[in-house]
Amino acid sequence: GRRFLSSASASEAAGYFEGPWNDKYLLLEEYKKEHGNCLVPQSHLIGDVQLGRWVSDQRYLCNKGKLSADRRGLLDSLGFSWDPLADKWESNFALLERFQEREGHSNV
């Protein structure tokens, strides 16, 4: 399960997640509760936190192999989309396939 260190000592926290990353992860978790997904628009702000930019940065870091497996696992547990455009394409293609099965054609 997820392990957050809100009441842990600084020395314990140093071995897991540093505060700023964890804080933004928790904001993302709240965003998902409110919106049902982790598809945060790049310009989205929560207070003075650029959550949309942070989400984009996590994708970038992952693509460059610079995101830890622990962090990736936490984001995966939220249903984080690593490639939103590809995910949207797949979702729409699945809708087209269901339409094709139901209607016998794909002329939409």
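The structure this text deals with has already been given above.
Notes on the structure in this doc start here. (Residues numbered from 1 in each chain as written. Predicted model: local features only at pLDDT ≥ 70, side-chain atom pairs only at ≥ 80, totals over all residues. Heavy atoms only, no water.)

**Brief notes about the overall build of the chain**
- A tally of regular secondary structure across the chain gives five helices and zero strands.
- Expressed as a percentage of the 108 residues in the chain, the buried residues total 25%.
- If you sum the accessible surface of the chain, you get close to 7600 Å²; carbon and sulfur atoms cover 49% of it. (Helix = DSSP H or I, 4+ residues; strand = E, 2+ residues; numbered from the N terminus. Buried < 20%, exposed > 50% of the residue type's maximum accessible area, 1.4 Å probe, protein only. Areas by Shrake-Rupley, 256 points an atom, 1.4 Å probe, with all protein chains shown as cover.)

**Quick notes on helix α3 (residues 51–63)**
- Taking 1.5 Å as the rise per residue, α3 with 13 residues should run 18 Å; its terminal C-alpha atoms sit 19 Å apart, in good agreement.
- Within the span of α3, buried status applies to Leu-51, Gly-52, Trp-54, Val-55, Gln-58, Arg-59 and Cys-62. Along the long axis of α3, the arc covered by the buried residues comes to 165°, so they all point the same way. Exposed side chains of α3 directed beyond 90 degrees from the buried face belong to Tyr-60 and Asn-63.
- Taken from the residues just after α3, Gly-65 is the one with a positive phi, measuring 75°. (Expected span 1.5 Å × (residues − 1). Arc of directions from axis to C-beta.)

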